[in-house]
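Examining the three-dimensional arrangement
Here are the chains, one letter per residue:
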Amino acid sequence: MARAAVLPPSRLSPTLPLLPLLLLLLQETGAQDVRVRVLPEVRGRLGGTVELPCHLLPPTTERVSQVTWQRLDGTVVAAFHPSFGVDFPNSQFNKDRLSFVRAKQEANADLRDATLAFRGLRVEDEGNYTCEFATFPNGTRRGVTWLRVIAQPENHAEAQEVTIGPQSVAVARCISTGGRPPARITWISSLGGEARDIQEPGLQAGTVTVISRYSMVPVGRADGVKVTCRVEHESLEEPELLPVILSVRYPPEVSISGYDDNWYLGRSEATLTCEVRSNPEPTGYDWSTTSGVFPASAVAQGSQLLVHSVDRMVNTTFICTATNAVGTGRAEQVILVRDTPQASRDVGPLVWGAVGGTLLVLLLAGGFLALILLRGRRRRKSPGGGGSDGDRGSYDPKTQSHLARQEQGPREASLEASSLPSSPPQWLAQASSSADNSGRSRGFRRPTRKKNWKDLPPISHPPQRPSWRNQKCPHNSSLWDPRNTAQ
């Protein structure tokens, strides 16, 4: 608004005469009146019944003198006057097909509800309809409604039988007949094909038939696969899904089963089976060998080969050939005849044996470790058996004698106790005398005490075993025995 104020009058004056023309154009083309309530669009099914609502909103002091319905081209469809009643001037819209729902021919009839009903809806009924109220003293009030005529299509899908080949062909077809507007068709498939749609006029005027073909290169693995046709239309509450099972004709695909690699001489009732996958079903089976010699003990029974007794002649390669309307297929099976039955390959006992052996090894290892720990604990608790490195060299005849008695038994212990010397060995006495003289020569006074060989410090060279018989003399490599020192 501010920008318009600063424009010069010469710039604004050319637009002023256009305003009345614009208002007149809007009035003549049926512009919506805010006081007339209508639906912007109404959908009706072909052949069905539909109502076009139209209401003049209160409050108003205006008096409605006439109600008129007309098409956009000016054709009057229906009119109602309180005094003259209902009039349908067009033969296409006669009283058999059209009627006012609530307007009545009475002196004090309320014409504020001008709802119009259609019966037997046709395609040519589709279009814009204007509802007009002739009022006094304010003139005409109007509202416009778009009437759409729709037709629900009939849908079905089917497979098209094809033969395997290198070219892309239609393998399924989906048809939506008599839809208005045309239906939308898509395909749900994992085969990677493509769809092509065409449209044709429907059986009723104004309807359309849509034909969608699903095409792909036909292969044997596509036979029996399900694809789905999906049809969408505004007359349907949800899309319609139509499954189709494809049918592709292809020659037999053959394999042979029944050989377990344990055919031995003398085995009876051994069987081979010719497994075939094809479309259509095979019409014949033929059994032969690569050598051309057929064993006498083998009998062909359709898709099965029965060997009554396995012999050397069965040690060959069997061929199964299957035939259908499209072609043939074959498979081979090599048979190895053994002299004796093959040992069972049951791995169950091996597994359980391995598990048991492992558990046994673990138990033995645990027992051995417990024994070592127990013996070490007993040694630490025994006299002279533990302690630090400094104590490990101490030696006491009484202790060693006690240990010897424990190991050797009561009899040997009593004998050794009676043979102990009453005086210390000579070399111990000399070592003690030399130590005393050394102390006197250096001026140290050694405290006098009663000399007893039992009070001497322990020898720093302990025996390896707690027994007198196993001790070695420091000056002699022979065993030292206290009974010899007494001499």
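In short, a report on the structure.

Parameters and conventions
For every chain, the first residue of the written sequence is number 1, and numbering continues from 1 onward in sequence order. Residue-level local features of this predicted model are given only where pLDDT is at least 70; pairs of side-chain atoms are given and counted only at 80 or more, and the full residue set underlies all totals for whole chains, interfaces and linings. Hydrogens are left out, water is left out, and the side-chain values use all remaining heavy atoms of the structure. Here, two cysteine sulfur atoms that lie within 2.5 Å of each other are counted as a disulfide. To qualify as a helix, a DSSP run of H or I must reach at least 4 residues; to qualify as a strand, a run of E must reach at least 2; elements of each kind are numbered from the N terminus. For every residue, the accessible area obtained with a 1.4 Å probe (protein chains only) is divided by the maximum for its type, and the residue is called buried under 20%, exposed over 50%, and partly exposed between those limits. The term salt bridge refers to a pairing of a side-chain nitrogen on Lys or Arg with a carboxyl oxygen on Asp or Glu at a separation within 4 Å. When DSSP finds two or more bridges between two strands, those strands count as paired. For helices, the fitted line uses only the C-alpha atoms of the stretch in contact; every axis is such a line through C-alpha atoms, and the angle between N-to-C directions lies from 0 to 180 degrees.

Okay, the state of the cysteines next. Taken as a whole and assessed by the stated rule, the structure comprises three disulfides. Put simply, Cys54 and Cys131 are joined by a disulfide, and their sulfur atoms are 1.9 Å apart. Its torsion about the S-S bond being -85°, the disulfide of Cys54 and Cys131 is classed as left-handed. Of this pair, Cys54 sits in strand S4 (residues 54-56) while Cys131 is found in strand S10 (residues 127-136), placing the two residues 77 residues apart along the sequence. Per residue, the accessibility class of Cys54 equals that of Cys131, and both read buried. The side chain of Cys274 participates in a disulfide bridge whose partner is Cys320; the two sulfur atoms lie 1.9 Å from each other. Negative torsions about the S-S bond denote left-handed disulfides, and the value of about -95° found for Cys274 with Cys320 makes this one left-handed. Residue Cys274 is located in strand S22 (residues 268-279), and its partner Cys320 is located in strand S26 (residues 317-323); the two are separated by 46 residues in the primary sequence. Overall, the relative accessible area of 4% leaves Cys274 in the buried class.

Opposite charge on two side chains makes pairing possible when the charged atoms of those side chains draw close. Enumeration according to the criterion identifies 16 salt bridges in this entry. For the salt bridge of Arg312 with Asp339, the shortest nitrogen-to-oxygen distance reads 2.6 Å. Of this pair, Arg312 sits in the loop between strand S25 (304-309) and S26 while Asp339 sits in the loop between strand S28 (337-338) and helix H4 (348-381), and the two are 27 residues apart along the sequence. Comparing Arg312 with Asp339 shows no difference in burial state: the two are exposed.

The subject of this paragraph is the sheet that holds strand S9 (residues 116-118). Here three strands make up an open sheet; going across it, the order is S3-S9-S8 and the pairing antiparallel. Two strands close off the open sheet at either side, each with one partner strand: strand S3 (50-52) and strand S8 (98-100). Each adjacent strand pair in this sheet contributes to an overall mean axis angle of 25°, direction not counted. Examined bridge by bridge, S8 and S9 share three bridges and lie antiparallel to one another. The residue bridging Phe100 from the neighbouring strand is Leu116, located in S9.

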